[in-house]
Amino acid sequence: MRIDVYTPLVLSLLLAAIGPTLGRRVAPALAARVLTAAAVVTAAATTWALVLLAATLISEAPPVTAEAHEDGRSLPEPVPEAIAVVAVLALIVIGYRVWRSLREECTTRRTLRRLCEGHPQDTELVVAASPVPQAFAIPASSGAPGRILVTAAMLGALEPAERRVLLAHERAHLTHRHALVAAAVTVAVAANPFLAPVRTTVVFLIERWADERAAVAVGDRTTTARALARAALVAARSQPVCVLNFTDRAVTRRVAALQTAPPPRLWPLTAAALTLGLLPALGAADATGDFLQLLAGTLPL
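Residues numbered from 1 in each chain as written. Predicted model: local features only at pLDDT ≥ 70, side-chain atom pairs only at ≥ 80, totals over all residues. Heavy atoms only, no water.

Re the packing of helix α4 (residues 81–114) against helix α7 (residues 178–191)
- At a closest axis distance of 8 Å, the pairing of α4 and α7 adopts a crossing angle of 155°. By the angle between their axes, α4 is roughly antiparallel relative to α7. Every pair of crossing elements has a handedness; the one defined by α4 and α7 is right-handed. The residues of α7 that touch α4, namely those facing I94, R97, V98, S101, L102, E105 and R109, are A179, L180, A183, T186, V187, V189, A190 and A191. (Axes fitted to C-alpha atoms, helices over the stretch in contact; angles between N-to-C directions. Helix = DSSP H or I, 4+ residues; strand = E, 2+ residues; numbered from the N terminus. Parallel < 35°, antiparallel > 145°, perpendicular 65-115°, else oblique. Left-handed = near helix turned anticlockwise from the far one by under 90°. Contact = heavy atoms within 4.5 Å.)

Comments concerning the packing of aromatic side chains
- For the structure shown, the criterion picks out 1 aromatic pair.
- A centroid spacing of 6.0 Å and a plane angle of 35° characterise the contact between Y96 and W99, whose relative ring orientation is tilted. Here W99 and Y96 lie together in helix α4, a separation of 3 residues that amounts to about one turn.
- The exposure class of Y96 is partly exposed, given its relative accessible area of 45%.
- Lying over the aromatic face of F204, R253 brings its terminal NZ or CZ to 4.1 Å of the ring centre. (Phe/Tyr/Trp six-rings, centres within 6.5 Å; stacked < 30°, edge-to-face > 60°. Buried < 20%, exposed > 50% of the residue type's maximum accessible area, 1.4 Å probe, protein only. Lys NZ or Arg CZ within 6 Å of the ring centre and 35° of its normal.)

Remarks on the packing of helix α1 (residues 7–25) against helix α2 (residues 28–55)
- One way to put it is that α1 packs onto α2 with a least axis distance of 9 Å and a crossing angle of 165°. In terms of axis orientation, α1 runs roughly antiparallel to α2. Once α1 is placed against α2, the crossing between them reads as left-handed. Contacts between α1 and α2 involve P8, L9, S12, L15, G19 and L22 on the former and, on the latter, A31, V34, L35, A38, A39, T42, A45, T46 and A49.
- Of the residues in the contact of α1 with α2, the class split is 11 nonpolar, 4 polar and no charged. (Nonpolar A, V, L, I, M, F, W, Y, C, P; charged D, E, K, R; others polar.)

A short note on the pattern of salt bridges
- Scanning the model with the defined rule gives 9 salt bridges in all.
- As a salt-bridge pair, E162 and R226 come within 3.1 Å of each other at their nearest N and O atoms. Of the two residues, E162 is situated in helix α6 (residues 160–175) and R226 in helix α9 (residues 221–238); the sequence distance between them amounts to 64 residues.
- Look at E162 and you get buried, because its relative accessible area is 0%.
- We classify R226 as partly exposed; its relative accessible area is 34%.
- For R254, the salt bridge is made with E207, and the minimal N-O distance between the two is 3.7 Å. Taken as a pair, R254 in helix α10 (residues 249–258) and E207 in helix α8 (residues 196–218) lie far apart in primary sequence, 47 residues in all.
- When salt bridges with common partners are traced through the structure, they connect E159, E162, R226 and R230 into a single cluster. (Salt bridge = Lys/Arg side-chain N within 4 Å of Asp/Glu carboxyl O.)

A short note on a positive patch on the surface
- A grouping of R24, R25, R249 and R253 is seen on the molecular surface, where their side chains present a positively charged patch.
- Of all the secondary structure elements, the ones that give two or more residues to the positive patch are α1 and α10.
- Counting through the fold element by element, R25 comes out in helix α1. (Patch = residues over 30% accessible without salt bridge, like charges linked within 9 Å, V, L, I, M, F, W, Y side chains within 5 Å. Areas by Shrake-Rupley, 256 points an atom, 1.4 Å probe, with all protein chains shown as cover. Lys, Arg positive; Asp, Glu negative; His and termini not counted. Charge placed at Lys NZ, Arg CZ, Asp CG, Glu CD.)

Regarding the environment of G23
- Note that G23 resides in helix α1.
- Expressed as a C-alpha distance, the spacing of G23 and T201, which sit 178 residues apart in the sequence, is 6.3 Å.
- If we skip the residues at most four places from it in the chain, G23 touches T201 and L205.

Dropping the structure here:
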């Protein structure tokens, strides 16, 4: 247990290092799915490893130590007590971070759904009379269908062909449940902050995924790139502090990617990343077995 319990933490650092490379070289849809799955498994494994570290404090419980002293047994110390205490504090922080991320996700979805109130349930496209050029894909929930919310300013800034690209892009977000992918990787990072680079990569890949689906839908990669560039420029003019700024390297990378051929799948690299994501679970399983053996030798029968 002394080594296995720390394996998920070390492997999470490796996954964070390999994530950007996978994002650059593998098709966005495949890379986003694999990195999200690997991040979720790794975050769960690291959290469980912390639970095991915290659980070693059970050997320090007064009834257990008293029983051992009466039997003349010496209790093993799988990890230093200070590390177990740190694990307890880390679990408290993780619980708060996960709760906060879930609350923010629910708040955002409720806010977007309120903007669509008053429209028929079967209406996919909702146009808001706002001077701020924006577009959102609102995922389905609680029986409500997924919707596309676009402001009049955004539609007015785009040409007809570019509007088709915009709608195809947002529709791809709904069809492929990108909100669920983003929420999953966000919760994983809340549980394991070392995976933050993976989340950055996945968020970028989700947009690239939607870009590629939009290019297929309209049948023109050049028009798709032009629509993305125009939408980013319009948003940047109205909101200088907008996250999706045209000068942002992420946007320029997306535009550049649409001007080249779609990236390959590269299954070997993908399999390596997925394996790296599964290894923390194996390490956590080995540590669990060691802990159960330790528990069996510690607690009185």
